[in-house]
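What the coordinates show
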Amino acid sequence: MAFSFLYFFLSFFAITVSVSSTVDNPKTFIVHVQHDAKPSIFPTHEHWYESALRSLSTNTHSLEPGGVASENRIIHTYSNVFHGFSAKLLISDAKKLEALPGVLALIPEQVRHVQTTRSPEFLGLTSTDSAGLLKESDFGSDLVIGVIDTGIWPERKSFNDHDLSPVPAKWKGECVAGKDFPATSCNRKLIGARYFSKGYEATNGKMNETVEHRSPRDSDGHGTHTASIAAGRYVFPASTLGYARGVAAGMAPKARLAAYKVCWASGCYDADILAAFDSAVADGVDVISFSVGGVVVPYNLDAIAIAAFAANDAGIFVSASAGNGGPGGLTVTNVAPWVTTVGAGTIDRDFPADVKLGNGKIVPGVSIYGGPSLAPHKLYPLIYAGSEGSDGYSSSLCLEGSLNPNDVQGKVVLCDRGVNSRAVKGEVVKKAGGIGMILANAVFDGEGLVADCHVLPATSVGASAGDEIRKYISTASKSKSPPTATIVFRGTIVNVKPAPVVASFSARGPNPETPEILKPDVIAPGLNILAAWPDGVGPSGIPSDKRRTEFNILSGTSMACPHVSGLAALLKAAHPGWSPAAIRSALMTTAYTVDNRGQIMMDESTGNSSTVMDFGAGHVHPQNAMDPGLIYDLTSYDYVDFLCNSNYTTKNVQVVTRKYSDCSGAKRAGHVGNLNYPSLSAVFQEYGKHKLSTHFIRSVTNVGDPYSVYKVTVKPPRGMVVTVEPEKLMFRRVGQKLNFLVRVQAEAVKLSPGSSIVKSGSLVWSDGKHEVKSPIVVTMQEPL
């Protein structure tokens, strides 16, 4: 019995510290067992788990009445994404588990965090189209999108069920009542709502119910926002403090929503996230939208990768945010190849708020501020917070308590970006008596600007503009004309060029875990996105902000991810037989890389052209994705081969996939880059070699015209030779699969030890009607 249990217990274990720790403090673990290993003497898996916990307990002085140590308590049980449970366990008990035969893995639990309308129109999705994706998919009416986030504010007009058909018969979920959330909060639009807090409370103690709702109700705003981006109904008029006026709509306006609340004041805990995935799979969602991120770890130690694999295995499309760690490289998260990873771009709308300096110069900025504004035609005294205050550093960042009211009173204050939130800096300035704020990017932020809902007249400017304003302050302070400024708010402008631009904050490749799989996969609108907002939270997100608005404007890959979730629902509705990999393939191979000026998309942080490491296959193009011509399909067995070729052990593969696999066949069949992915990424280690080569085997499925001939066009990475065999694919029916081989040959380049160079090109299959495009990426490394 002990052996069977342990085999199960550790296949999915999350622990917040290494089990070699000498301190025997209880920690949260997640445990995964073989589903068929339960001894017959136990009526349920849960009885088995509890028995195992009792047998582990050595600190009998703290046993509870049931004979289980107070530390060893089950938090959640799991039966869909895997069989197992989460529990608080002593480190000494964890060591015993680790030492027993049959234990598959101890997985460190991560605490994750959310990755904080014109986008439908910008994407070409208009409700008046007589044909196209919205019409073909009936606006996604019978598809269910599960949003794993901070909950939902069900009363918003974006979630009304007017004219919707009855809840789909396949739906098995429920509306879980809780504080301020009766079961009647759900309707034919919001068809399910659940909340998971036990993992959060196991680490943090009982939640503070004066600031958080013990229910699916959203006390943060993030979940309401992302849910309405994915599937919000048409709402007119919509705006935030008068900005971005127009019709608000999600990507799939008739799709059904199920909200799974897992994020709380101190973050989103793996134990709870797994419970949400487990429920979503059982409930019958078609798409999971996950705008939450953590650090990148091997897939067998990544609770989210494991849960997402099970969802994908059940035919559920999983989209996740790439993270907001840009513009630096190697920052992309949620990188498992069975997850569609979404970066963020801009749309063609902006909210200019310019700084007018006393020397007559106009410095461009952006802001969402609803008033009262500064007096027109008047200039106010201007100071740089870093030259005032006590230590210079904290005051330059306008941290809480760092500003001296005697220095700030009645002035416009320049603050540096970083450490505390952008909106909180404005609150600090306002409390100290400042009349306005200019928020300057740090060098690392570059020129990327995010419009925020500020609590006082304020605007954000780029790094170079910040330098210019500081220089003006310094020069003017030494002259007879002290520095002055005002902020001119110019409202909303549309048809901005260039657009889209890769957002500065959007996380970038290469993929830290598997560089042979290009991540992010695509980008989608993620900057200054208007969407629904709760009543209980001010638009700035600051507790002291008592303003209320039905919609708010936020930025982040969190906003980009639900765009793709909604599009996936539309594609699934239009093509019910398509797998999650087929849907992703359609989005990737039809994505575009040029902006509305006809030039390669720009990188907002530098003003230069962006690269495949920034945008992956490109920016999503929904209408083209509906009819991609060819798709690169994948099954769970392909992912098993991928893990085998990534040198995962048989045990590790089983932890991720729940499948026992003999890797010898997979390794004979090829290498890690041979996963049938819509992008092709080669990594060459030079090691003094002169000539380098590799090959990719790919299979495409015809989903276009029955009789069609596709010819290949290759644009090789600079200085390399790429050949494709055959150069022509002749299809005779829909659903037919044909294979081709891509060979890449390169000559070594001179690199210093430890450095690398990335070059990219493309491969396009065309039948004269469809263009099926894949990026080719070659990374050349000189090892240390």
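In what follows, the structure referred to is the one given above.
Every chain's residues receive numbers from 1 upward, in the order its sequence appears when written. A pLDDT threshold of at least 70 governs which residues receive local features in this predicted model, and a stricter bar of 80 or more applies before side-chain atom pairs are shown or counted, although totals over entire chains, interfaces and linings include all residues. By convention in this description, side-chain values take in all heavy atoms of the structure and omit both hydrogens and water.

So, the packing of helix α8 (residues 270–283) against helix α9 (residues 303–313)
One can describe the packing of α8 onto α9 by two numbers: an axis separation of 10 Å at closest approach and a directional angle of 0°. Considering their axes alone, α8 and α9 lie roughly parallel with respect to each other. On the side of α8, the interface is formed by D270, I273, L274, F277 and V281, while α9 contributes A303, I304, A307, A308 and A311. Broken down by class, the residue content of the contact of α8 with α9 amounts to nine nonpolar, no polar and one charged. With axes taken as lines fitted to C-alpha atoms, and helix axes fitted only over the stretch in contact, angles between N-to-C directions fall between 0 and 180 degrees. Comment: elements are numbered from the N terminus, with helices defined as DSSP H or I runs of at least four residues and strands as E runs of at least two. Each angle gets one of four labels, with under 35 degrees taken as roughly parallel, over 145 as roughly antiparallel, 65 to 115 as roughly perpendicular, and the rest as oblique. Should any heavy atoms of two residues lie within 4.5 Å, those residues are counted as being in contact. Three classes are used: nonpolar for Ala, Val, Leu, Ile, Met, Phe, Trp, Tyr, Cys and Pro, charged for Asp, Glu, Lys and Arg, and polar for all others, with Gly counted as polar.

Quick word on the sheet that holds strand β4 (residues 111–114)
If you walk across this open sheet you meet the four strands as β10-β11-β4-β13, and the pairing is antiparallel. Across the chains shown, the open sheet's two edge strands, defined by having one partner strand only, are β10 (263–264) and β13 (292–293). Strands are labelled as partners when DSSP assigns at least two bridges between them. Direction of pairing for β4 relative to strand β11 (residues 267–269): antiparallel, over a ladder of two bridges. Across the sheet, the residue bridging to V111 is Y269, located in β11.

A few points about a nonpolar patch on the surface
A cluster of nonpolar side chains, namely Y234, F236 and V247, defines an oily patch on the protein surface of about 310 Å² accessible area. Classification of residues uses two cut-offs on accessible area relative to the type maximum, computed with a 1.4 Å probe and protein chains only: under 20% is buried, over 50% is exposed, and between them is partly exposed. The partly exposed category is assigned to Y234, whose relative accessible area is 35%. Patches draw on residues past 30% relative accessible area with no salt bridge. Two like charges within 9 Å are joined, as are two nonpolar side chains (Val, Leu, Ile, Met, Phe, Trp, Tyr) within 5 Å. Residue exposure ignores everything except the shown protein chains as possible cover, and the areas themselves are Shrake-Rupley values with a 1.4 Å probe. Every case where a carboxyl oxygen of Asp or Glu lies within 4 Å of a side-chain nitrogen of Lys or Arg is listed as a salt bridge.

A short note on the pairing of strand β28 (residues 551–554)
Side chains of β28 alternate between two faces, with F551 and I553 and N552 and L554 buried alike. Bridge analysis of strand β27 (residues 529–532) against β28 gives four bridges, and the strand direction is antiparallel. Each residue of the ladder has a partner; that of A532, found in β28, is F551.

As for the nonpolar core
Counting 111 residues, the largest nonpolar core has F277, Y299 and W338 as its most contacted members. Among the elements that line this core, the one with the most residues is α9, at nine residues. One finds A238, Y384, I438 and A440 within the second-largest nonpolar core, a separate group that totals 36 residues. What is meant by a nonpolar core is a set of buried Ala, Val, Leu, Ile, Met, Phe, Trp, Tyr and Cys residues, joined one to another through side-chain atoms within 4.5 Å.

Topic: the sheet that holds strand β34 (residues 721–725)
Pairing in this open sheet of four strands is antiparallel, and the strands run β30-β32-β36-β34 from one edge to the other. Strands with a single pairing partner mark the edges of an open sheet, and in this sheet they are β30 (630–631) and β34. Sheet analysis places β34 next to strand β36 (residues 737–747), joined by five bridges and oriented antiparallel. Bridging from a neighbouring strand, T723 pairs with R743 of β36.

Some details on unusual backbone geometry
F236 connects to P237 through a cis peptide bond whose omega is -5°. Checked against the element boundaries, P237 lands in strand β7 (residues 235–240). Of note, the bond from G509 into P510 is cis; its omega dihedral lies within 30 degrees of zero at 5°. You can see P510 is positioned in the loop between β25 (501–502) and β26 (522–525).

Focus: the pairing of strand β17 (residues 353–357)
Where a strand is regular, its side chains alternate between the two sheet faces. Of all five residues in β17, four are buried, a share of seventy percent or more. When β17 meets strand β23 (residues 484–489), the two strands line up antiparallel, connected through five bridges. If you follow L357 over to β23, its bridge partner there is A485. From the end of β17 to the start of strand β18 (residues 362–363), which pair antiparallel, there are four residues, and G360 there has a positive phi angle of about 95°.

Quick look at helix α18 (residues 636–645)
With seven of its 10 residues buried, α18 lies for the most part within the structure. Burial in α18 covers these residues: S636, Y639, V640, F642, L643, C644 and N645. A positive backbone phi angle near 70° is found at N647, which sits one or two residues after α18.

Some details on the state of the cysteines
When two cysteine sulfur atoms are found within 2.5 Å, that pair is recorded as a disulfide. One pass over the structure, following the stated rule, counts four disulfides. There is a disulfide in this structure between C175 and C186, and the S-S distance comes to 2.0 Å. Taking the sign of the S-S torsion, 80° for the link of C175 and C186, the bridge is right-handed. Of this pair, C175 sits in the loop between β5 (144–149) and β6 (190–195) while C186 sits in the loop between β5 and β6; the two residues are 11 residues apart in sequence, bridging distant segments of the chain. For C186, a relative accessible area of 16% translates into the label buried. With a sulfur-sulfur separation of 2.0 Å, C398 is cross-linked through a disulfide to C415. When the S-S torsion is -80°, as for the bridge of C398 with C415, the disulfide is left-handed. With C398 in the loop between α10 (393–396) and α11 (405–408) and C415 in strand β20 (residues 412–416), the pair connects residues that are 17 residues apart, well separated along the chain. A relative accessible area of 0% places C398 in the buried class.

Details of the pattern of salt bridges
In this structure the tally under the stated criterion is 29 salt bridges. The salt bridge partner of R188 is D161, with a shortest N-O separation of 4.0 Å. In this pair, R188 sits in the loop between β5 and β6 while D161 sits in the loop between β5 and β6, placing the two residues 27 residues apart along the sequence. The buried category is assigned to D161, whose relative accessible area is 19%. Between K431 and E400 there is a salt bridge, with the nearest N and O atoms lying 3.0 Å from each other. With K431 in helix α12 (residues 422–431) and E400 in the loop between α10 and α11, this pair connects stretches of sequence that are 31 residues apart. A residue is classified by how much of its surface remains accessible, and E400, at 53% relative accessible area, is exposed. Here the salt bridges share partners, and the residues they tie into one network are E201, K206, E209 and R214.

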